[in-house]
Amino acid sequence: MTQPPTEQDPDAPWLARVMHIAFFLLLGASLARFLLRHPWEDRSPWIVALSGALASLYLLGPVLGTRAAPRRIAWLGTVVAVWIVLVVLAPSFAWCAVPLFYTGLRTLPPRAALGLVVLLTAFVVFAQVQLAHGGWDPNLVVAPPAVAAIATGVFVYSDRQAARQRALIHDLIRTRRELAAIERREGTLAERQRLSMEIHDTLAQGLSSQQMLLQAADRTWDSDPGTARRHVRTAESIAERNLAEARRFVHDLAPADLAEGGGLEEALRGLAARESAEFRVDGTAVPLPDRTQSALLRIAQGALANIREHAGAESAALTLTYLDDQVVLDIADDGHGFDPALTRDAGGRGDRGDRGHGLPAMRVRAQQLGGTLTVESTPGEGTVLSAAIPLTP
């Protein structure tokens, strides 16, 4: 049997008020019965004085709280002692013990509370026998212990049920907090993965392109200054785009091409022009969510970067197709191709030796939106990469 603080149980204050009202009703009824049955006599002043003292003491109970603190236990002992004296002088005060059962069970440790119940019950039996004026009635001996046992059992059962419910609520709250912490960790990991893909598809690819262009310019600087200058200007243009991307990361991590307000088609058209690739649109265009536009643009950027660095292609083409239930982006090149199975066996990179995220990053982008990424390639026959994203209704 536990003794939980009153503030933990929302029904405890209500039950305490009921018991207090019952106590004062029983006390008043007992005093009235005594005065009606016994005209004023020598013990009457003591009965009235002790009734007033017991009422005053009982009023102090809520001030002392419900915990088994020393002053609370001393208060309860004083109340019980005054009640016992009253019962000895006037047995009609016996039924005031019922609220005292509740007070003792709420205040004392289990063993002490049960001992108090036994003591109170014994005096109730004594009082009932006195009221019978010597006549023998088994109910006078059996009924008070039975009532006390029922009251104690109901209280203990309710108290344990409440404790189990509080423990269950505590476990649910702890589990909810743990789930929230797990979700935060997963969100952090997902955001890190997304950032790594964003950086790979933009800044890293751009820096790689600049390095290749500057190396080419260095090799042709003396023999073909015009070509070298074109390489430098192209590297400068890429650096400008990378700077815009970096600023966009700081702002909201949206692709700079999309942030310019032209939408996905304009962003892909601009990307294709910079990479000397063809671009066309099939089907009737429909509005696409920002996440879908961003994912398709990043996939196109990563695919064209791979074509530029690894495919040895003479031409490439981007095709954006709007279907009834999905939007599809195809990136095709006429490069030397590769065997997708071999690249998967080599660690799942599938990116022709690229040490970044390559095809896995593109595949993750598509899967995060419920889409798919397929790659068709044969050595010597080029590559077709297709990203399909479902259209939300």
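Residues numbered from 1 in each chain as written. Predicted model: local features only at pLDDT ≥ 70, side-chain atom pairs only at ≥ 80, totals over all residues. Heavy atoms only, no water.

Enquirer: Sorry if this is basic, but what is going on with the overall build of the chain here?
Expert: Within the chain one finds twelve helices and five strands. The proportion of buried residues among the 393 residues of the chain is 39%. Pairs at least 24 residues apart make up 68% of the contacts formed inside the chain by residues separated by at least 6 positions. Counting every atom, the chain has about 21,800 Å² of accessible surface; 60% of that belongs to carbon and sulfur. (Helix = DSSP H or I, 4+ residues; strand = E, 2+ residues; numbered from the N terminus. Buried < 20%, exposed > 50% of the residue type's maximum accessible area, 1.4 Å probe, protein only. Contact = heavy atoms within 4.5 Å. Areas by Shrake-Rupley, 256 points an atom, 1.4 Å probe, with all protein chains shown as cover.)

Enquirer: Explanation requested: the confidence of the model for the chain in the structure shown.
Expert: Detailed reading of the predicted coordinates is not advisable wherever pLDDT falls low. In this model, the chain carries an average pLDDT of 80, and 85% of its residues clear a pLDDT of 70 or more. Low pLDDT, under 50, characterises residues 1-7; the stretch is placed with 26 contacts to residues that sit more than four places away or in other chains. Residue range residues 345-357 is modelled with pLDDT below 50. Its contacts to residues more than four positions away, or to other chains, number 29 contacts. (pLDDT = per-residue confidence, 0-100.)

Enquirer: Would you take a moment to explain unusual backbone geometry for this structure?
Expert: When glycine is set aside, most residues are seen to have a negative phi, and most peptide bonds are trans. Positive phi is not limited to glycine here, since Ser276 has a value of about 55°. Relative to the helices and strands, Ser276 is located in the loop between helix H9 (263-274) and strand S1 (278-282).

Enquirer: Looking at this model, I keep getting lost on the pairing of strand S4 (residues 372-377). Mind explaining?
Expert: Looking down a regular strand, the side chains alternate between one sheet face and the other. With six bridges joining them, S4 and strand S5 (residues 383-390) adopt antiparallel strand pairing. From the neighbouring strand, Glu376 faces S5, where its bridge partner is Val384. Count of turn residues in the S4/S5 antiparallel hairpin: five residues, of which Gly380 carries a positive phi of about 85°. (Pairing = 2+ DSSP bridges.)

Enquirer: Is there a simple way to explain the sheet that holds strand S3 (residues 326-333) in this structure?
Expert: The pairing of strands in a sheet happens through backbone hydrogen bonds and is either parallel or antiparallel. Read across the sheet, five strands follow the order S1-S2-S3-S5-S4 without closing on themselves; strand pairing throughout is mixed. Because the sheet does not close on itself, it has two edges, and the strands there are S1 and S4. Ignoring strand direction, the axes of neighbouring strands in this sheet form an average angle of 15°. The sheet contact formed by strand S2 (residues 316-322) and S3 spans seven bridges and is antiparallel. When the sheet's bridge partners are listed, Ala316 is paired in S3 with Asp333. Sheet strands touched by H9: S1, S2 and S3. Its angle to S1, the strand with the most contacts, is close to 155°. Against the sheet, helix H12 (residues 358-368) engages S4 and S5, with an angle of about 145° to S4. (Axes fitted to C-alpha atoms, helices over the stretch in contact; angles between N-to-C directions.)

Enquirer: Explain the pairing of S1 to me, please; I cannot follow it from the model alone.
Expert: With five bridges joining them, S1 and S2 adopt parallel strand pairing. Its bridge partner being in S2, Asp282 is matched across the sheet by Thr321. In terms of handedness, the path from S1 via helix H10 (residues 290-311) over to S2 forms a crossover that is left-handed. (Right-handed = clockwise from strand over helix to strand, strands pointing away.)

Enquirer: Explain a nonpolar patch on the surface here, please?
Expert: A cluster of nonpolar side chains, contributed by Leu35, Trp40 and Val48, occupies part of the molecular surface with about 310 Å² of accessible area. The exposure class assigned to Trp40 is exposed, which follows from its relative accessible area of 62%. (Patch = residues over 30% accessible without salt bridge, like charges linked within 9 Å, V, L, I, M, F, W, Y side chains within 5 Å. Salt bridge = Lys/Arg side-chain N within 4 Å of Asp/Glu carboxyl O.)

Enquirer: Could you clarify how one ought to interpret the nonpolar core in this entry?
Expert: Nonpolar side chains in soluble globular proteins generally cluster together in the buried interior. In this structure, Leu54, Trp83 and Leu120 are the most contacted members of the largest nonpolar core, which totals 37 residues. Mapped by element, the contributors of at least two residues to this core are helix H1 (12-37), helix H2 (44-59), helix H3 (70-89), helix H4 (97-107), helix H5 (110-131) and helix H6 (138-220). Those residues in contact with Trp83 that sit more than four places away from it in its chain are Leu54, Phe93, Ala94, Cys96, Ala97, Leu100, Leu120, Phe123 and Val124. If you look at the next biggest cluster of nonpolar residues, it comprises 33 residues, including Ala311, Leu318, Ile331 and Ile389. (Core = buried A, V, L, I, M, F, W, Y, C linked by side-chain atoms within 4.5 Å.)

Enquirer: Got a minute to help me understand the packing of H9 against H10 in this structure?
Expert: For any two helices packed against each other, the geometry comes down to the angle between their axes and how far apart the axes lie. Here H9 crosses H10 at 10°, and the two axes come no closer than 10 Å. In terms of orientation, H9 lies roughly parallel with respect to H10. Of H10, the residues touching H9 (which contributes Gly263, Leu264, Ala267, Leu268 and Leu271) are Gln293, Leu296, Leu297, Ala300, Gln301 and Leu304. (Parallel < 35°, antiparallel > 145°, perpendicular 65-115°, else oblique.)

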